[in-house]
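# Survey of secondary and tertiary structure
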Amino acid sequence: MISFLADIHSLTRIKQNLRSEKHLQTDLSEDTLGAQLKGGLAQFLALEFTELNKNKDKDLRPIQKYMPWLSNLPSNAQQGAKEFVDCIDHIRFLSWILIGSLTHSALTRNKGTVISYPIPITCGNYIGEHIFYILNGFAEHSKTSAIHMSSLFHSFILCQLWTMYCEQIHYAYDTENDSSALNSIMEFWTRITPGILQLLSQTKVDNDKYFKELADMVILHFLSLIEGLQEYNSIVLAKLFPIWIQVLFMSPLQGDQLKRVKQCLNHQTSTEIQLNTNANYNILIKCLQRLQYKVAMIEMQSSNAAQLYNS
């Protein structure tokens, strides 16, 4: 099951098998079945990891048994093409686990017999290091293949999911005198934001067209993350947004980018929605469905491009 979730080609194989069985009467969509299957398995695996995480952050060894790479990231000196792809695979796997965990939380309203808590929040630093590793090497490796190019997308998706996940853990476990989960989010972004700044700074070194496109790519992914957190009614966004808006304006914004930034600046969440728990969980489900579909589509596109390149 772990291998299936981590395999970037698994969704492509499912789609190919469905195409070969088109004579069978079915209402299943070849574009969505794989995402739904991975999402369902991710929920199951998230609950299995929750059982391993009984001590709630005090002992990481049970989780590290299945994810030994989590705390053993290659150094920057070891940043070759293979290590870069391995890091992308780990980020994609973590994203699926968090999608599964958050989906279970939304469906049960965090009131089930088991509250999904697969990844200890103390792993935030390790996850941050994986994302920083990608941000640090993206300018160098992004042209290597479609899989390498997709690394920025997967990194920002994981950033959004980890923020949402920690907030759900806050709702389920934190007390009035303990905001460990929220503190973990702030520590996480303290590590990630300089990485985004560093990547944008690299794009200013050269006037090459590719670096201009790279800067646009970073801004668009960052904007999508902010819009996603606004839709989700993130409680930490108010603290992070004043910093992030300065990052966005590091590069000259125009057209659609500027329009979206202004919409983010003018965004206001209604008090009624903020106080309506059921409405918030419904919004979370919609956000997760969209993210699940996007992750699945990018995986299939990267898989198809890699197979075409290697054929």
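The paragraphs below set out a description of the structure included in this document. (Residues numbered from 1 in each chain as written. Predicted model: local features only at pLDDT ≥ 70, side-chain atom pairs only at ≥ 80, totals over all residues. Heavy atoms only, no water.)

## Topic: the overall build of the protein chain
When helices and strands are tallied, the protein chain shows 14 helices and zero strands. Of the regular secondary structure in the protein chain, the N- to C-terminal order runs α-α-α-α-α-α-α-α-α-α-α-α-α-α. A separation threshold of at least 6 residues defines the contact pool for the protein chain, and within that pool the share at least 24 residues apart is 80%. (Helix = DSSP H or I, 4+ residues; strand = E, 2+ residues; numbered from the N terminus. Contact = heavy atoms within 4.5 Å.)

## A word on the packing of helix H6 (residues 124-141) against helix H8 (residues 151-173)
Where H6 meets H8, the axes come as close as 10 Å, and the angle between the chain directions of the two elements is 155 degrees. Accordingly, the angle class assigned to the pair H6 and H8 is roughly antiparallel. The hand of the H6/H8 crossing is left-handed. Along its contact with H6, which presents Gly124, Ile127, Ile131, Ile134, Leu135 and Phe138, the element H8 presents Ser151, Leu152, Ser155, Leu158, Cys159 and Trp162. (Axes fitted to C-alpha atoms, helices over the stretch in contact; angles between N-to-C directions. Parallel < 35°, antiparallel > 145°, perpendicular 65-115°, else oblique. Left-handed = near helix turned anticlockwise from the far one by under 90°.)

## Side note on the packing of aromatic side chains
In total, this model carries ten aromatic pairs according to the counting rule given. Their ring planes at 35 degrees and their centres at 5.9 Å tell us that Phe49 and Tyr66 sit as a pair that is tilted. In this pair, Phe49 sits in helix H3 (residues 33-52) while Tyr66 sits in helix H4 (residues 61-66), placing the two residues 17 residues apart along the sequence. By relative accessible area, which is 2% here, Phe49 ends up buried. Between Trp189 and Trp244, the ring centres sit 4.6 Å apart and the planes meet at 65 degrees, which makes this aromatic pair edge-to-face. Of this pair, Trp189 sits in helix H9 (residues 180-202) while Trp244 sits in helix H11 (residues 237-248), and the two are 55 residues apart along the sequence. Residue Trp244 is classed as buried on the basis of its relative accessible area of 0%. Members of the aromatic cluster, joined through ring pairs, are Tyr117, Phe156, Trp162, Tyr165, Tyr173, Phe188, Trp189, Phe222 and Trp244. A cation sits over an aromatic face here: Arg191 above Phe132, 3.7 Å from the ring centre. (Phe/Tyr/Trp six-rings, centres within 6.5 Å; stacked < 30°, edge-to-face > 60°. Buried < 20%, exposed > 50% of the residue type's maximum accessible area, 1.4 Å probe, protein only. Lys NZ or Arg CZ within 6 Å of the ring centre and 35° of its normal.)

## Here's the deal with the pattern of salt bridges
Side-chain pairs of opposite charge can arise where the charged atoms are in close proximity. For the structure on display, the rule yields nine salt bridges. The salt bridge partner of Arg290 is Glu231, with a shortest N-O separation of 2.8 Å. Of the two residues, Arg290 is situated in helix H14 (residues 277-310) and Glu231 in helix H10 (residues 209-232); the sequence distance between them amounts to 59 residues. Residue Arg290 is classed as partly exposed on the basis of its relative accessible area of 42%. Close ionic contact of Arg260 with Asp256 constitutes a salt bridge, the shortest N to O distance being 4.0 Å. Taken as a pair, Arg260 and Asp256 lie in helix H12 (residues 255-265) at a separation of four residues, close to a single helical turn. Take Asp256: its relative accessible area is 47%, and that puts it in the partly exposed class. Among the charged side chains, a network of salt bridges with common partners joins Lys38, Asp89, Arg92 and Glu299. (Salt bridge = Lys/Arg side-chain N within 4 Å of Asp/Glu carboxyl O.)

## Some remarks on the nonpolar core
Core analysis: the biggest nonpolar cluster contains 95 residues, and Ile119, Trp189 and Ile196 have the highest contact counts within it. Leave out the neighbours within four places in its chain, and Trp189 touches Cys159, Thr163, Pro194, Ile196, Leu225, Leu240 and Trp244. (Core = buried A, V, L, I, M, F, W, Y, C linked by side-chain atoms within 4.5 Å.)

## A word on H8
In this model H8 runs 32 Å from its N-terminal to its C-terminal C-alpha over 23 residues, within 8% of the 33 Å that 1.5 Å per residue would give. With 20 of 23 residues buried, H8 lies mostly within the body of the structure. (Expected span 1.5 Å × (residues − 1).)

## Considerations on unusual backbone geometry
Even without being a glycine, Arg109 presents a positive backbone phi close to 55 degrees. For Arg109, the location among the structural elements is in the loop between helix H5 (81-108) and H6. In this structure, Asn110 takes a positive phi of about 55 degrees despite not being glycine. Considering the arrangement of structural elements, one finds Asn110 in the loop between H5 and H6.

## Overview of H5
Because each turn of an α-helix spans 3.6 residues, side chains separated by three or four positions end up pointing in the same direction. An ideal rise of 1.5 Å per residue puts 40 Å on 28 residues; H5 measures up with 41 Å between its terminal C-alpha atoms. Of all 28 residues in H5, 20 are buried; the element is thus mostly enclosed. Backbone geometry just after H5 places Arg109 at a positive phi near 55 degrees.

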